[in-house]
Amino acid sequence: MVLGNDGVIKFLKESEKTPAFIHAARDYNIELEALIKGKNYTELLQQIDNYEGDGKVASRKKYTFSMKDLFERLFTNIENVWTATGGVKLYYPDSKSSNEEKKKELIRLTSNVRGGKTLEQWNEAFWMPTYHTDPAGVTFLEYDTEKEIEPFPVYKPITSIRNYIWNGVNLEAIAFEPKTVKTETGEFKEWRVVDDEKDYLVIQKGETFTISEEGTFENPFGKVPGQINSDIIDSDNVTRLSPIHPVIELCKEYLRDKSIKTIFKFMQGFPLFWRYVTQCDDCTGTGKDGTGGKCGTCDGKGYVGRRDVTDTVNIKTPTVDEPSLGGEIAGFINPPLEVWDQYTSELEILEKAIRMTLWGAIIEEDRSNTATGRVIDAQPILQKLNKYSASAEYRERFQTECIANYNDPAKPKDERVSSISYGRNYSLLSASTILELYQNAKEKGDNNTTLDDIFNQYLLARYKNDPISLRLAKIKADVEPYLHYDLDQVEKAFDKTEAQKKMLFDEWWKGVVVNIQTSEQLREEFNTWVQGKLQINTIEE
């Protein structure tokens, strides 16, 4: 959208009063940050009417910890978006010689956008968290020609935004919160507005808006270089929602129950000491001295106390006719552990409900379950991850195209020069679980296609955060003869020569240095090497 000078001023006049949807988005952001990041989370702990006084609610707020640990567990699956294999990124795919330099430059610009991070890594570190905590906030591209700073992404929180016009997650125009500038002659406001054509600086004095020619410049990205953090929109087609929106109420209940359990632990968690009191010898239990005043020895209590009796229940010593407590003169009152256990169980039930609602499934790693059952349970999670991946790859593609426009001013702004697809080979199960699944499939005699697929999943899980080792393991699996069979099976199916080849493979692999060879080349090298070994063995025999 191109606003033009008149349109910019009109847009700002409409934005002088912060729009209602911005106010709502800021309140929502506060609530989400309290839940997920633990920022001022105690504000979520409301006093329980008719059940607790000011003192107890103050104690709950003081001693209850946030829910950061819960969300750390809930968001673990999201890591798969960034570690999955199978993706591809192409820049200027037409391979014209005239585009080679542009391609190299675009790769350079997207490979180190900020702090040594690639564009993808920056989105993982900064956009993905705000997707959950600030869905109406914006990721934006900035640059500075005077300081020779090339395009870099930034996060613009909803608190820094006064208004915007959107189309899906893309922005048509955006106005940031104004800055107040004070001078000797008075003060005025500076507004920043960005549309597809320009980046405007607007001066407001009183009710007069003036576009600064010196502070306004062409927008080199060819479009507003920003996107709204969340692509999830409420039915009102205005409100941006966090992916955790369906579990907000459950999370608040979790925090409340967690706080009640904390107070219960303080009130009931310590065994309470009790004892029969010892009568004060000076006042013989009356609490009075000889003049009728308070006994100085027992402080008027009538019995001898301890220096600190706040953690002691003092019981009157029974007379001969009164029942005693089993003949003991002292002991401990133990807390009702079944209530404590119930609170713990309730929190576990709530966490499972939150996880099930958020992900649609729970992957049980209980060894009593079958590996096959755990794989079936993972399917809803895969579908959720596909949505995350689609959002992430679309965002990176948009940012890449903006940077390409900056890098190549002559390029038509709507012409796409990148193709970015994230991998969908997620690794949800542990390596040990997948290995169990693989072994079961071998025992059942499943075909090689099935075994290849499961074994590949095992490698992905084992080397999830080690791409170099993953590459080597995949090449080795591709080159090794009769991968899914042991020596006895190979000998029975073929002969001793083929069994020897399989046995000698590990010896050969230890001496291999994998550079740029393909699996086919390595396979030929092995066949040449192993033939020499087999000839030596034949001569020796």
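Residues numbered from 1 in each chain as written. Predicted model: local features only at pLDDT ≥ 70, side-chain atom pairs only at ≥ 80, totals over all residues. Heavy atoms only, no water.

A. Here's a closer look at the overall build of the chain. Helix and strand counts for the chain come out as 17 helices and 17 strands. Considering the chain as a whole, with its 541 residues, one finds that 40% of them fall into the buried category. Taking the contacts inside the chain whose residues are at least 6 apart along the sequence as the reference set, 66% of them involve residues at least 24 apart. Split by element, the accessible area of the chain, about 30600 Å² in all, is 50% carbon and sulfur. (Helix = DSSP H or I, 4+ residues; strand = E, 2+ residues; numbered from the N terminus. Buried < 20%, exposed > 50% of the residue type's maximum accessible area, 1.4 Å probe, protein only. Contact = heavy atoms within 4.5 Å. Areas by Shrake-Rupley, 256 points an atom, 1.4 Å probe, with all protein chains shown as cover.)

B. Looking closely at the pairing of strand β9 (residues 208-211). Going residue by residue along β9, you find Phe209 and Ile211 tucked away on one face and Thr208 and Thr210 left uncovered on the opposite face. Inspection of the sheet shows strand β8 (residues 198-205) paired to β9 by four bridges, in the antiparallel sense. Its bridge partner being in β9, Val202 is matched across the sheet by Ile211. Between β8 and β9, which pair antiparallel one after the other, the connecting turn spans two residues, and Gly206 there sits at a positive phi close to 65 degrees. (Pairing = 2+ DSSP bridges.)

C. The side chain of Ser519, seen in detail. Looking at the element boundaries, Ser519 is found in helix α17 (residues 519-540). Judged by its relative accessible area of 13%, Ser519 is buried. Excluding its chain neighbours within four sequence positions, the residues that come into contact with Ser519 are Ile475, Asp478 and Val479.

D. Representation of the layout of surface pockets. There is about 710 Å³ of room inside the largest pocket. Along the walls of the largest pocket sit 26 residues, with Glu142, Arg192, Asp199, Gly215 and Phe217 positioned nearest its centre. The set of elements that each furnish at least two residues to the lining of the largest pocket consists of β2 (138-144), β7 (186-194) and β8. A volume near 510 Å³ is recorded for the second largest pocket. Lining the second largest pocket are 20 residues, and of these Glu72, Phe75, Glu124, Met128 and Pro129 lie nearest its centre. Only α2 (20-36), α4 (68-74), α5 (79-83) and α7 (119-133) provide two or more residues apiece to the lining of the second largest pocket. Of all the elements, α7 adds the most residues to the lining of the second largest pocket, at eight residues. Split into classes, the residues belonging to the lining of the second largest pocket amount to ten nonpolar, four polar and six charged. (1 Å grid on protein atoms, 1.4 Å probe; cavity = no way out; pocket = protein on both sides within 12 Å on 5 of 7 lines; lining within 4 Å. Points joined across faces, edges and corners; volume = space filled by probe spheres on them. Nonpolar A, V, L, I, M, F, W, Y, C, P; charged D, E, K, R; others polar.)

E. Structural context of empty space enclosed by the protein. Evaluated as defined, the whole model comprises one cavity of 30 Å³ or more. Looking at the largest cavity, its volume works out to about 30 Å³. Around the largest cavity sit Thr139, Phe140, Leu141, Pro153, Pro225, Gly226, Phe398 and Gln399, which together line it. Elements with a minimum of two residues in the lining of the largest cavity: β2 and α11 (379-407).

F. Looking closely at the packing of aromatic side chains. According to the stated counting rule, one finds 23 aromatic pairs in the structure shown. Ring-pair connections join several aromatic residues into one group, and the members of that group are Phe505, Trp508, Trp509, Phe526 and Trp529. Across from the ring centre of Phe176, 5.1 Å away, lies the NZ or CZ of Lys156, which sits over that ring. A cation sits over an aromatic face here: Lys205 above Phe188, 5.6 Å from the ring centre. (Phe/Tyr/Trp six-rings, centres within 6.5 Å; stacked < 30°, edge-to-face > 60°. Lys NZ or Arg CZ within 6 Å of the ring centre and 35° of its normal.)

G. A look at the environment of Tyr482. When you line up the elements, Tyr482 lands in the loop between α14 (467-479) and α15 (487-493). In sequence terms Tyr482 and Lys502 are 20 residues apart; their C-alpha atoms lie 7.2 Å from each other. Excluding residues within four positions of it along the chain, Tyr482 makes contact with Val490, Phe494, Glu498 and Lys502. At 2.6 Å, the side chain of Tyr482 forms a polar contact with the side chain of Glu498. (Polar contact = N/O pair within 3.5 Å; in protein donor to acceptor, adjacent residues only side chain to side chain.)

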